[in-house]
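Okay, here's what each chain looks like letter by letter:
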Amino acid sequence: MAPSLAAIVSLPLIAAYLPVAAARKGRVFAAWTAAAVLASPLAIAAALGPHVLAGNVPEARWMWLPGAGLDLSLRLDGLALLFVVLILGIGLLIVLYAAYYLAEDDAIGRFFAYVLLFAGAMLGVVLADNALLLVVFWELTSLSSFLLIGFWNDRSDARRGARMALAITGAGGLCLLAGVLLAGHVAGTYELSQIVRRGAAIRESPLYVPILTLVLLGAFTKSAQVPFHFWLPQAMAAPTPVSAYLHSATMVKAGVFLLARFYPALSGTDAWFYTVTTVGAVTLVFAAGTALFQHDLKGLLAYSTISHLGLITLLFGLDTPLSAVAAVFHIINHALFKASLFMAAGIIDHETGSRDMRKLNGLWKYMPYTATLAMVAASSMAGVPLLNGFLSKEMFFSEALLLERGGWMEVAIPLAAGIGGMLGIAYSVRFAHDVFFNGEPVGLPRTPHEPPRWMKVPVEVLVAMCLLVGVAPVYTVRPLLDVAARATLGDGLPAYSLAIWHGFSLPLLMSMLATVGGIAIYFSLQRFYRLHEHVHSPLTAASAYDALLDGTIRFAAIVTRAVENGSLQRYVAWVVAAALALGVAPFVASGYAPGPTTTAATPVAVVGLLLLFAASAGTVVLHRERLAALVMSGVVGLVCVLFFAYFAAPDLALTQVAVEAVTIMLLLLALHYLPQRTPAESSVSRKLRDAALAVAAGGGVAALVYAVLTRPFESISDFYLENSVSQAGGRNVVNVILVDFRGFDTFGEIIVLAIAALGIHAVLAGFAGAGRDDDRAWAADRHPLMLRVLTSVLLPLMLLVSIYIFLRGHDRPGGGFIAGLVTGIALILLYAAHGVAWTASRLRVDYQRTIGIGVLVAGATGIASWWFGQPFLTSAFGHPHLPLLGEVPLASAMAFDLGVYLTVVGVVMLVLARLGELSAAPAANASAP
Amino acid sequence: MESVVAIGIGVLVASGVYLLLRARTFPVVLGLTLLSYATNLFIFVMGRLAAGAPPIVSTAASRYTDPLPQALVLTAIVIGFGMTAFCVVLAFRARAALGSDHVDGRTDGASTTSEAP
């Protein structure tokens, strides 16, 4: 049972791609494929049908995200069965119809793929027992209908219609999500079958009104109720098969399906009655009136659809068991006659080239067969006896007349029902009379004729069903209607009669009056108002939507223009200002409370501060003389080195001094290509602004540092100090943290370094250099002899030192980072002494590869610990005694450190050597013998 | 001592921010370098100031400074080099592509008040 329920939903979704593949073998094959995909879940549903009709409810449940209350739970109750049959049955007819409707150059495979996606999403909506799952599928229907409506994506009206439908129904979907979350919160479960049982708790909750409002927003947007109706006429830009599918059995019916699903949980209150009834009644009358004045055939059907959805909504709002039965019944009937009418309209459009009722006249002579089918369907829409529309309309009238709520609603609702019915007949008569009679065609692009045989079949099937249900409801629709209505109501089914003849009664009288009135309205409009000469565009809501959208876009543009002027300089200022504001806020909120000073300033520190002050001020003041500023910033770096050394951080001092060396080299190389001076271009006001920002930032940081330093201190580092020797076999705790305790962080950091270096390599790829700036004198001797001689002595020495630093790193200051930097400096010295070409021909090292090997070595060390059943990067250690070197702290972490070393060497060399090559390229040619 | 350190870091931040807001790439890179110094010192002193107590375990030592900020700063220094290098390379490419080392890509000779096209 469970797999078959899952198959119903998943088959169309999974197989959605098949028609695209099949379309390569021809249109017919694609259509057959799509039909087969839809037929298989229908067959499953048919097999389960008797079971459901007998009163059983097949269920299936899989855990998905139990923490979020989101399970894959499906449930085939009567209401779901009804919709499954409608979705798949009419879907099959649509596929057949579309195979003839779509033009040769339309991507038919893509079309069927969208149809299958949409059908799958709809099936998910109706079968979902988990409310969150329902919302997921709900959003899928919005997305897939967007694709369907915008199928002719080269047409701007199709794109606009698709966007509008997505915006409105998507927004409604978000409301529904919020409503469902609240309802689930109140009910304590997201299973719909449980929520429905806890309806009383929901109705008594203080959250009831928000829940109701949000769920109704979801339903009303989807079902195109006033004032959200305007997306539906815009969606008529879709191919007619899409309109026939979306606006008869599926998309818009999802909204009323939602009303039916939540009916037992949310109905039974005044809030439900007044809101739902009013919205339904207004929609019923307004849309029926608007439909009458449409000249576009599909426009008339679109507004008629809105009107009928209003009728169904109104019936749910009336909140009596019988009205709910009538609502479910009308869902079926409307699906049958509206699908056939849309298809007939499509045939007329297809065979005449026009949908304009001012041109389409007297088609009876050209296509009598289609005309008959269309007129029977239109009669059903009007509610003519012996057709299905009549039965549900009679039930509606009777419920409206029997309303017992007291007050003005008892007058307003029957009045709305009467006017709606009358207008419904008027536009149905117009559909029949204006298209098939009323004179001769006016300037049609094509001579009308009957469509291909098989294009009529879907219409015939649907019209035949209208007749069958109308004549023998008890034997055709009653069993399905019974289970569907029972599932809607939750408990108990009222006694109701589907008899065609109830005797002379008030509803029948109302029906007759409406019929006479409707016919009179139409013909007097034709005669006295000259209907064809007036164009009404009742798009006030749509224009409000457009205005809102345009306003939003304009506002965004204004904000963008004001904020984003393309100046990075300004953005940086904003970033600094924002950081300042964020930093100041806590000071303001909780006060500034530094503690007492604990250590006195030593003379050394004061001298250091003065030096730092002079050097940074020098960097700022001299920043337009770039070389001088660079020297000054180097002094700042050296002060930092001294700072680290003074405050017991030998590793940092070593690292900083090495990085200082490579950074100065880097920036000197940079000056090779950049101008030597910065032009004076900042205005005084800008300088003042920047100075203010800078002083504020500096002052803020100083205040923060002072506050932190003078307050009590607790550290987690005791753990590292205590366990460094015993667990990691190293005495230099900083190095042990880097390669062992927090080795995973270090691994991430060398990867960052590697990425930065590769990024630099990529940015410089194919870059020949901009030519150096020749506004200053360059040394004539590019590679001084002294340097070359010195290098040949120094190089081995430096490499030896770097090995020594590397090896002792675990116990004393040193390690992979510092050793890597020292090696880098040594090699750079070689480049500087001998030139790039000379060095590159002797030192054939691919630095990208070095980086890669380094990262791999570090990673492999980590993975190696898996072999011993330990977590990533667990280290082992020992202290073997090596000849010459003495006792060496040997730990597996050293292999990791080797990876770090290789990466750092590779990064430094890749960056500096690559930049050096840029300068060497022209020079090498010049100095070649 | 705390105030000396605080003022020192504050001076570095102020100089760095001022240079960061300049219009040409090279001063911006210098500003970034100064800011990196400041940031590294800031993180480092979060472990407090303990002269003469390096975090190297030995029987003679009675106290140690906090090793954790040192480990954090060590990698930060090296990565800071990578960042500086990246900025420098971007500055090259920008100058080669735009013919100017102005951060907004403004060509030389254009007035400072006009917008870039």
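Only a predicted model underlies this, so the values are computations on that prediction, with no experimental measurement involved.

1. What to know about the overall build of chain A
Point 1. From N to C terminus, chain A includes 37 helices and six strands.
Point 2. Counting only residues that meet the buried cut, chain A has 54% of its 929 residues in that class.
Point 3. In chain A, 79% of the contacts between residues at least 6 apart in sequence involve partners at least 24 apart.
Point 4. Only carbon and sulfur atoms are counted for the fraction: they give 70% of the accessible area of chain A, which is about 38100 Å².

2. Focus: the nonpolar core
Soluble globular proteins tend to bury their nonpolar side chains together.
Point 1. Counting residues in hydrophobic clusters, the biggest one holds 203 residues, and the most contacted among them are Trp231(A), Leu266(A), Trp272(A) and Phe316(A).
Point 2. Leaving out residues up to four positions away in the same chain, Trp231(A) has contacts with Met164(A), Ala165(A), Ile168(A), Thr169(A), Thr221(A), Lys222(A), Ala224(A), His247(A), Met251(A) and Val252(A).
Point 3. Listed in part, the 123 residues of the second largest apolar core include Ala573(A), Met1(B), Val5(B) and Leu49(B).

3. Section: unusual backbone geometry
All names here are of chain A.
Point 1. The linkage connecting Val-226 with the following residue, Pro-227, adopts the cis geometry, with an omega of 5°.
Point 2. With respect to the helices and strands, the residue Pro-227 is situated in the loop between helix H10 (208–222) and helix H11 (231–234).
Point 3. For Asp-319, which is not glycine, the phi dihedral falls at a positive 65°.
Point 4. Its location among the elements puts Asp-319 in the loop between helix H15 (297–318) and helix H16 (321–352).
Point 5. In the Ramachandran plot, Leu-386 falls in the positive-phi region, its phi being about 75° despite a non-glycine side chain.
Point 6. Relative to the helices and strands, Leu-386 resides in the loop between helix H17 (368–382) and helix H18 (388–401).
Point 7. Leu-386 sits in the partly exposed class, given a relative accessible area of 45%.

4. What about the pairing of strand S1 (residues 59–65) of chain A?
Residues and elements named next belong to chain A.
Point 1. Across six bridges, S1 lies against strand S2 (residues 70–75) in antiparallel orientation. Counterpart to Trp-62 in the pairing with S2 is Leu-72.
Point 2. Between the end of S1 and the start of S2, which pair antiparallel, lie four residues, with Gly-69 showing a positive phi angle near 75°.

5. Brief notes about empty space enclosed by the protein
Residue and element names in this part refer to chain A.
Point 1. Summed over all chains, the structure comprises seven cavities of 30 Å³ or more.
Point 2. In this structure, the largest cavity spans a volume of roughly 150 Å³.
Point 3. Looking at the largest cavity, it is lined by 19 residues, and the ones nearest its centre are His-308, Leu-311, Met-381, Lys-393 and Gly-421.
Point 4. Mapped by element, the contributors of at least two residues to the lining of the largest cavity are H15, H17, H18 and helix H19 (409–436).
Point 5. The biggest single contributor to the lining of the largest cavity is H19, with six residues.
Point 6. Empty space within the second largest cavity amounts to approximately 110 Å³.

6. Observations regarding the interface of chain A and chain B
Point 1. Facing the 109 residues of chain A at the interface are 77 residues of chain B.
Point 2. Summing both sides of the interface, chain A and chain B together bury roughly 8600 Å²; the carbon and sulfur share of this comes to 78%.
Point 3. If you sort the residues of chain A by the area they bury against chain B, Phe647(A), Glu681(A) and Leu709(A) come out on top, with a joint share of 8%.
Point 4. At the junction of chain A and chain B, the tally comes to two salt bridges.
Point 5. On the surface where chain A and chain B come into contact, there are 18 residue pairs in polar contact (both at pLDDT 80 or more).
Point 6. Among the residues making up the side of chain A that touches chain B, the classes are represented as 72 nonpolar, 24 polar and 13 charged.

7. Quick look at the packing of H18(A) against helix H23 (residues 506–529) of chain A
All names here are of chain A.
Point 1. As a packed pair, H18 and H23 sit with axes 9 Å apart at the nearest point and diverge in direction by 115°. Accordingly, the angle class assigned to the pair H18 and H23 is roughly perpendicular. Note that H18 runs across H23; the crossing there is right-handed. Along the contact surface, H18 presents Phe-390, Lys-393, Glu-394, Phe-397, Ser-398 and Leu-401, while H23 presents Leu-506, Pro-507, Leu-508, Met-510 and Ser-511.
Point 2. Taken together, the residues of the contact of H18 with H23 sort by class into seven nonpolar, two polar and two charged.

8. Remarks on H15(A)
Residue and element names in this part refer to chain A.
Point 1. With 22 residues, H15 ought to run about 32 Å at 1.5 Å a step, and its terminal C-alpha atoms sit 32 Å apart, in line with that.
Point 2. Burial analysis of H15 places 22 of its 22 residues in the buried class, which makes it a mostly covered element.
Point 3. Put simply, Asp-296 is the residue that caps the front of H15, since its side-chain oxygen is 3.1 Å from the backbone nitrogen of Lys-298.
Point 4. Following H15 by one or two positions, Asp-319 has its phi on the positive side, about 65°.

9. Side note on the packing of helix H3 (residues 27–53) of chain A against helix H4 (residues 78–101) of chain A
Residue and element names in this part refer to chain A.
Point 1. Relative to each other, H3 and H4 sit at 160°, their axes nearing to 9 Å. If you check the angle between H3 and H4, you find them roughly antiparallel. Relative to H4, the crossing made by H3 is left-handed. Each of Arg-27, Ala-31, Ala-34, Ala-35, Leu-38, Ala-39, Pro-41, Leu-42, Ala-45, Gly-49, Val-52 and Leu-53 in H3 lies in contact with H4, whose residues at this interface are Gly-78, Leu-81, Val-84, Val-85, Leu-88, Gly-89, Gly-91, Leu-92, Val-95 and Ala-99.

10. Focus: the confidence of the model for chain B
Point 1. Taken residue by residue, chain B gives an average pLDDT of 84. The fraction at 70 or more is 91%.
Point 2. Throughout residues 110–117 of chain B the model reports pLDDT below 50, and contacts reaching past four residues in sequence, or to other chains, amount to six contacts.

11. Some points on the layout of surface pockets
Residues and elements named next belong to chain A.
Point 1. Put simply, the second largest pocket is a space of about 470 Å³.
Point 2. For the lining of the second largest pocket, the elements supplying multiple residues, two or more each, are helix H8 (192–197), helix H13 (251–266) and helix H22 (478–489).
Point 3. Taken together, the residues of the lining of the second largest pocket break down into ten nonpolar, five polar and seven charged.

12. Let's talk about H23(A)
Residues and elements named next belong to chain A.
Point 1. With 24 residues, H23 extends 32 Å between its outermost C-alpha atoms, agreeing within 8% with the 34 Å of an ideal straight helix rising 1.5 Å per residue.
Point 2. Those residues of H23 that fall on the buried side of the exposure criterion are Pro-507, Leu-508, Met-510, Ser-511, Ala-514, Gly-517, Gly-518, Tyr-522, Leu-525 and Gln-526.
Point 3. Looking at the buried positions of H23, the neighbouring elements they touch are helix H14 (270–292), H18 and H19.
Point 4. Looking one or two places after H23, you find Arg-530, whose phi comes out positive at around 50°.

13. A word on the pattern of salt bridges
Point 1. A full pass over the atoms with the stated rule returns 21 salt bridges over all chains.
Point 2. Among the ionic pairs, Arg626(A) bridges to Asp101(B), the shortest N-O distance being 2.8 Å. One end of the pair, Arg626(A), is in helix H27 (residues 626–646); the other, Asp101(B), is in the segment after helix H3 (67–98), on a second chain.
Point 3. What makes Arg626(A) buried here is its relative accessible area of 0%.
Point 4. Overall, Asp101(B) belongs to the buried group, its relative accessible area being 2%.
Point 5. With a closest N to O distance of 3.0 Å, Asp690(A) and Arg689(A) form a salt bridge.

14. What to know about the packing of aromatic side chains
Point 1. Within this structure, the stated rule accounts for 24 aromatic pairs over all chains.
Point 2. Note on Trp501(A) and Phe504(A): the rings are 5.3 Å apart at their centroids and 85° apart in plane angle, and the pair reads as edge-to-face.
Point 3. Judged by relative accessible area, which is 55%, Trp501(A) ranks as exposed.
Point 4. You can call Phe504(A) exposed: its relative accessible area is 74%.
Point 5. Centre to centre, the rings of Phe643(A) and Phe644(A) are 6.3 Å apart; their planes meet at 75°, and the pair counts as edge-to-face. As far as burial versus exposure is concerned, Phe643(A) and Phe644(A) are alike and both buried.
Point 6. Ring pairs connect the aromatic residues Phe643(A), Phe644(A), Tyr646(A), Phe647(A) and Phe44(B), which therefore count as one cluster.
Point 7. One residue, Lys222(A), lies across the ring of Trp138(A), its end atom 4.9 Å from the ring centre.
Point 8. It is Arg22(B) that lies over the ring of Tyr18(B); its NZ or CZ is 4.1 Å from the centre.

15. Observations concerning the confidence of the model for chain A
Point 1. Per-residue confidence for chain A averages 89 on the pLDDT scale, and 95% of its residues sit at or above 70.
Point 2. Predicted confidence for residues 923–929 of chain A stays below pLDDT 50, and this span has one contact to residues more than four positions away or in other chains.

16. Here's the deal with a nonpolar patch on the surface
Residues and elements named next belong to chain A.
Point 1. A surface patch of nonpolar side chains, about 370 Å² in accessible area, is lined by Trp-62, Trp-64, Leu-65 and Leu-72.
Point 2. Tallying contributions element by element places S1 first for the nonpolar patch, with three residues.
Point 3. By secondary structure assignment, the location of Leu-72 is in strand S2.

17. Digging into the side chain of Thr352(A)
Residues and elements named next belong to chain A.
Point 1. Checked against the element boundaries, Thr-352 lands in helix H16.
Point 2. For Thr-352, a relative accessible area of 0% translates into the label buried.
Point 3. Within the structure, the side chain of Thr-352 is placed 2.6 Å from the backbone oxygen of Ile-348, a separation counted as a polar contact.
Point 4. Aside from chain neighbours lying at most four places away, what touches Thr-352 is Leu-360, Leu-363, Leu-444, Pro-445, Arg-446 and Pro-448.

The rules behind each value
Residues numbered from 1 in each chain as written. Chains lettered and ligands numbered in written order. Predicted model: local features only at pLDDT ≥ 70, side-chain atom pairs only at ≥ 80, totals over all residues. Heavy atoms only, no water. Helix = DSSP H or I, 4+ residues; strand = E, 2+ residues; numbered from the N terminus. Buried < 20%, exposed > 50% of the residue type's maximum accessible area, 1.4 Å probe, protein only. Contact = heavy atoms within 4.5 Å. Areas by Shrake-Rupley, 256 points an atom, 1.4 Å probe, with all protein chains shown as cover. Core = buried A, V, L, I, M, F, W, Y, C linked by side-chain atoms within 4.5 Å. Pairing = 2+ DSSP bridges. 1 Å grid on protein atoms, 1.4 Å probe; cavity = no way out; pocket = protein on both sides within 12 Å on 5 of 7 lines; lining within 4 Å. Points joined across faces, edges and corners; volume = space filled by probe spheres on them. Buried area = accessible area lost by both parts, 1.4 Å probe. Salt bridge = Lys/Arg side-chain N within 4 Å of Asp/Glu carboxyl O. Polar contact = N/O pair within 3.5 Å; in protein donor to acceptor, adjacent residues only side chain to side chain. Nonpolar A, V, L, I, M, F, W, Y, C, P; charged D, E, K, R; others polar. Axes fitted to C-alpha atoms, helices over the stretch in contact; angles between N-to-C directions. Parallel < 35°, antiparallel > 145°, perpendicular 65-115°, else oblique. Left-handed = near helix turned anticlockwise from the far one by under 90°. Expected span 1.5 Å × (residues − 1). pLDDT = per-residue confidence, 0-100. Phe/Tyr/Trp six-rings, centres within 6.5 Å; stacked < 30°, edge-to-face > 60°. Lys NZ or Arg CZ within 6 Å of the ring centre and 35° of its normal. Patch = residues over 30% accessible without salt bridge, like charges linked within 9 Å, V, L, I, M, F, W, Y side chains within 5 Å.

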